[in-house]
Amino acid sequence: QVQLVESGGGLVQAGGSLRLSCAASGRTFSINAMAWFRQAPGKEREFVAAIGWISGTTLYADSVKGRFTMSRDNPKNTVYLQMNSLKPEDTAVYYCAAARVLRTTEPSYDYWGQGTQVTVSS
């Protein structure tokens, strides 16, 4: 099993920045990719960004390209999501996820964190 714990959410004004963190523990040797998904009220969960654990290859949803940056710290088993130029439509619960393969689709991810709330006020 792999445990994921997110942190860093909060309330920010439009145009502001936040950095989310996700720390992995347990059988982390089985992980080859980590990702962020988000779910806004009344909407389905959607892909935000993903990173290859070894390669460092990153994938982004079109809606966040140029504003969000995902990175990793392998020795700390931690990934980050730097979110800049935040918009009210970025308001959602953000979930960290881990998988064996780098993908953008939710079913590909086997392990999930509990989520952290991000609220962007206008």
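The text that follows walks through the structure, step by step, so that each part is easy to find. Note that the structure is predicted; figures quoted are calculated from it, not measured.

What counts and what doesn't
- Residues numbered from 1 in each chain as written.
- Predicted model: local features only at pLDDT ≥ 70, side-chain atom pairs only at ≥ 80, totals over all residues.
- Heavy atoms only, no water.
- Helix = DSSP H or I, 4+ residues; strand = E, 2+ residues; numbered from the N terminus.
- Buried < 20%, exposed > 50% of the residue type's maximum accessible area, 1.4 Å probe, protein only.
- Contact = heavy atoms within 4.5 Å.
- Polar contact = N/O pair within 3.5 Å; in protein donor to acceptor, adjacent residues only side chain to side chain.
- Core = buried A, V, L, I, M, F, W, Y, C linked by side-chain atoms within 4.5 Å.
- Disulfide = S-S within 2.5 Å.

Some details on the side chain of Thr28
- Structurally, Thr28 is set in the loop between β3 (18–26) and β4 (33–39).
- Judged by its relative accessible area of 17%, Thr28 is buried.
- Apart from residues lying up to four places away in sequence, Thr28 is in contact with Val2 and Asn77.

Description of the side chain of Ser30
- Locating Ser30 in the fold gives a position in the loop between β3 and β4.
- Given the relative accessible area of 13%, Ser30 is considered buried.
- Polar contacts involving the side chain of Ser30 include one to the main-chain carbonyl oxygen of Arg27, which spans 2.7 Å.
- Leave out the neighbours within four places in its chain, and Ser30 touches Val2, Ala99 and Arg100.

Describing the nonpolar core
- Counting residues in hydrophobic clusters, the biggest one holds 38 residues, and the most contacted among them are Leu4, Met34, Trp36, Val79, Leu81, Met83 and Tyr94.
- Contributing elements (two or more residues each) for this core: β1 (2–7), β3, β4, β5 (46–52), β7 (68–73), β8 (78–83), β9 (92–99) and β11 (116–121).
- When residues of this core are assigned to their parent elements, the largest contribution, six residues, is made by β9.
- Here Leu4 is in contact with Cys22, Ala23, Ala24, Met34, Cys96, Ala97, Ala98, Tyr111, Trp112, Gly113 and Gln114, once residues within four sequence places are set aside.

Quick notes on the state of the cysteines
- This model, assessed by the stated rule, comprises one disulfide.
- Each disulfide pairs two cysteine sulfurs, and for Cys22 the partner residue is Cys96, the sulfurs being separated by 2.0 Å. Taking the torsion about the sulfur-sulfur bond, which here is approximately -85°, the covalent link between Cys22 and Cys96 counts as left-handed. Taken together, the residues span a long stretch of sequence, with Cys22 in strand β3 and Cys96 in strand β9 at a distance of 74 residues. Accessibility classification places Cys22 together with Cys96 in one group, the buried group.

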